Amino acid sequence: MKLNLKNDIVFKAFFTKKGNEKYLKSFLESLLEESIDEIEVVGEASLKQLAITDKMGRLDIKATINKTKIVNIEIQLCDNKDTKQRTELYGSRLLSEQVGRGDEYKELKPVILINILNYNVLKVPDYATKSIMVADKHRDYIISEDITYWFIELPKFRQSKPRLANALEGWLALIDDKDGRLSKMAEEKHEIIKEAKEEVEEILSEAVIREINEYKQTAIWERNSMKRCAREEGLKEGLKEGLKEGLKEGLKKGLKKGQKKGMEEGRKKGIEEGLKQGIEKGIEQGKTEGREQGVKEESNRIIINMLQKGMKVDQIEELIGVQKEEIERIKERLN
C-alpha cells in the first residue's frame, strides 16, 4: 500500500512535527481565507509517540490559532456512513470541554472542524464546503459561528480539474497524491508545497512509520475479518430464525387459504350433489304426481260417463266413492 500524506499516520506526523507549524499555517490560511499570526499545535506527536499509542485510535490534529479559535483536522479514507454525526458530536465535545464550573459561555473559543474525506458525503458540487448555523428562511442571517464545519471531498477535487492557481489546490493535490502529475505541478507552482513534499519524503523514509502502518493495517484486516465472521454468523442465525418464522407464517396462511379453497370446493360439490339429488327427487315426485293426476283424470272420465247416462249424483258417490261436492262440480262444467 502506497504511503503518502493521505495516510492518517503520515498526516499527523507531518503536521504536528515541531518546526512544521508553517505548513499547517499555510494550509489553514488557504482554506479559511484569513491571516494567522500565531498557531499552536496541541499534543505534538512524533513517530515514536505514535508507535506506542493506540494505532486504532483517532489520529486527528488539534491546534489553536491566534489564541482565539480551536481547529481540529481529521482525514478519513473509508466511509463508515456516520461522518456528519461524528463531526457534530466531536464539535460539541470540543466546545463543551472548554467550560468548567463557574465559567462564562462568552469565554468559549469558536471551534472549526475540518474533515478531509476520500469519499463524497454532501450532495453539493463544491469540493470544499463550509457549514455554520443560519436561519432557515433567511440564509444570510448567521445565528452562531461557535462551531464551523468544513467538508473537503477529494473525489470532487479531482473531478474539478484544478489548475493549482491557489495554495489550497496545491495542498489538496499533495495530500491526495492520486495523480503524481498533479502533485508535481503543485510543487512547481508553489514553493511551500515543494518544501512540504521534501519533508513528507523524509518522514516516509523512517522505518518506524512503515512498522506503525503495517501494524495498523493488520489491525484493520483483523477487525474486518471479525466483522465478516459476525455477519456470517448473524446471517446463519437469521436464516434459521427466518425459516422458523416463515414456516409458522406459511402454515397460518396455508391453513387460511386451504380453508377458503375447501369452502369453495365444498360449495361447488354441494351444488353438484344437490342438483343431482334434486333431479332424482323431482323425477320421483313427478312420477308420483303424474300417477295421481292420471288416476284423477280417469275418475273424472268415469263420472262424466255416468252423468251422461243419467245416473244420479248419490248413486255415483255410492258406486266409486268420490265426494259428492266433486261430482257436483263436474256436473256443472258439463251443463
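Structural notes, computed from the coordinates. Just so you know, these numbers come straight off a predicted model, no measurement behind them.

Scanning the protein for helices and strands turns up 11 helices and six strands. Taking all 335 residues of the protein together, 34% fall into the buried category. Considering only contacts within the protein whose residues lie at least 6 apart along the sequence, 63% involve residues at least 24 apart.

Under the definition given, this model contains eight aromatic pairs. Consider the rings of Phe 15 and Phe 27, whose centres lie 6.1 Å apart with planes at 45°: the pair is tilted. With a gap of 12 residues between them, Phe 15 in helix H1 (residues 8-15) and Phe 27 in helix H2 (residues 21-32) connect regions that are remote in the sequence. Phe 27 carries the same exposure label as Phe 15, and that label is buried.

Following the sequence through the fold, Ile 36 ends up in the loop between H2 and strand E1 (39-42). Residues Ile 36 and Ile 65, 29 residues apart in the sequence, show an inter-C-alpha distance of 6.5 Å. Here Ile 36 is in contact with Lys 25, Leu 28, Glu 29, Ile 65 and Asn 66, once residues within four sequence places are set aside.

With that settled, consider helix H8 (residues 191-204). Because an α-helix completes one turn every 3.6 residues, residues spaced three or four positions apart along the sequence face the same direction. Taking 1.5 Å per residue, 14 residues should reach 20 Å; H8 reaches 20 Å between its end C-alpha atoms and fits that length. All of the buried residues in H8 are Ile 193, Ala 196, Lys 197, Glu 199, Val 200, Ile 203 and Leu 204. Axial view of H8: buried residues confined to an arc of 165°, hence all on one face. Of the exposed residues in H8, those oriented more than 90 degrees away from the buried face are Glu 191 and Glu 198.

Judged by nonpolar contacts, the single largest core of 44 residues is most densely connected at Phe 15, Phe 27, Leu 28, Ile 73, Ile 114 and Ile 116. The residues contacting Phe 15, other than those within four sequence positions of it, are Leu 5, Tyr 23, Leu 24, Phe 27, Val 41, Ile 61 and Trp 171. In this structure, Tyr 90, Leu 113, Leu 122 and Tyr 149 belong to the second largest nonpolar core, which totals 13 residues.

Of all 10 residues that make up helix H6 (residues 167-176), nine are buried, and the element is covered over most of its length. Residues Leu 168, Glu 169, Gly 170, Trp 171, Leu 172, Ala 173, Leu 174, Ile 175 and Asp 176 constitute the buried set of H6. The N-cap of H6, judged by a side-chain oxygen 3.2 Å from the amide nitrogen of Leu 168 a few residues on, is Asn 166. Backbone geometry just downstream of H6 places Asp 177 in the positive-phi region, at approximately 50°.

Where like charges cluster on the molecular surface, the negative patch consists of Glu 233, Glu 237, Glu 241, Glu 245 and Glu 249. Here Glu 245 shows up in helix H9 (residues 207-308). Judged by relative accessible area, Glu 245 falls into the partly exposed class, the value being 46%.

Right, let's talk about the packing of H6 against H8 for a bit. At a closest axis distance of 10 Å, the pairing of H6 and H8 adopts a crossing angle of 20°. What the angle tells us is that H6 and H8 run roughly parallel. Here H6 and H8 pass one another in a crossing that is right-handed. Contacts from Gly 170, Trp 171 and Leu 174 in H6 reach Ile 192, Ile 193, Ala 196 and Lys 197 in H8. In terms of residue class, the contact of H6 with H8 is made up of five nonpolar, one polar and one charged.

Another aspect to go through is a positive patch on the surface. Positive charge collects at one region of the surface, where Lys 240, Lys 244, Lys 248, Lys 252, Lys 256, Lys 257, Lys 260 and Lys 261 lie side by side. Tracing the backbone shows Lys 248 in helix H9.

Looking now at the pairing of strand E2 (residues 61-65). If a strand is regular, its side chains alternate between the two faces of the sheet. Where burial is concerned, most of E2 is hidden: four out of the five residues are buried. Strand direction decides the pairing type here: E1 and E2, joined by four bridges, are antiparallel. Note that in E2 the partner of Val 41 across the bridge is Ala 63. Direction of pairing for E2 relative to strand E3 (residues 69-76): antiparallel, over a ladder of five bridges. Bridging across to E3, Ala 63 finds its partner in Val 71.

Basis of the calculations
- Residues numbered from 1 in each chain as written.
- Predicted model: local features only at pLDDT ≥ 70, side-chain atom pairs only at ≥ 80, totals over all residues.
- Heavy atoms only, no water.
- Helix = DSSP H or I, 4+ residues; strand = E, 2+ residues; numbered from the N terminus.
- Buried < 20%, exposed > 50% of the residue type's maximum accessible area, 1.4 Å probe, protein only.
- Contact = heavy atoms within 4.5 Å.
- Phe/Tyr/Trp six-rings, centres within 6.5 Å; stacked < 30°, edge-to-face > 60°.
- Expected span 1.5 Å × (residues − 1).
- Arc of directions from axis to C-beta.
- Core = buried A, V, L, I, M, F, W, Y, C linked by side-chain atoms within 4.5 Å.
- Polar contact = N/O pair within 3.5 Å; in protein donor to acceptor, adjacent residues only side chain to side chain.
- Patch = residues over 30% accessible without salt bridge, like charges linked within 9 Å, V, L, I, M, F, W, Y side chains within 5 Å.
- Areas by Shrake-Rupley, 256 points an atom, 1.4 Å probe, with all protein chains shown as cover.
- Salt bridge = Lys/Arg side-chain N within 4 Å of Asp/Glu carboxyl O.
- Lys, Arg positive; Asp, Glu negative; His and termini not counted.
- Charge placed at Lys NZ, Arg CZ, Asp CG, Glu CD.
- Axes fitted to C-alpha atoms, helices over the stretch in contact; angles between N-to-C directions.
- Parallel < 35°, antiparallel > 145°, perpendicular 65-115°, else oblique.
- Left-handed = near helix turned anticlockwise from the far one by under 90°.
- Nonpolar A, V, L, I, M, F, W, Y, C, P; charged D, E, K, R; others polar.
- Pairing = 2+ DSSP bridges.

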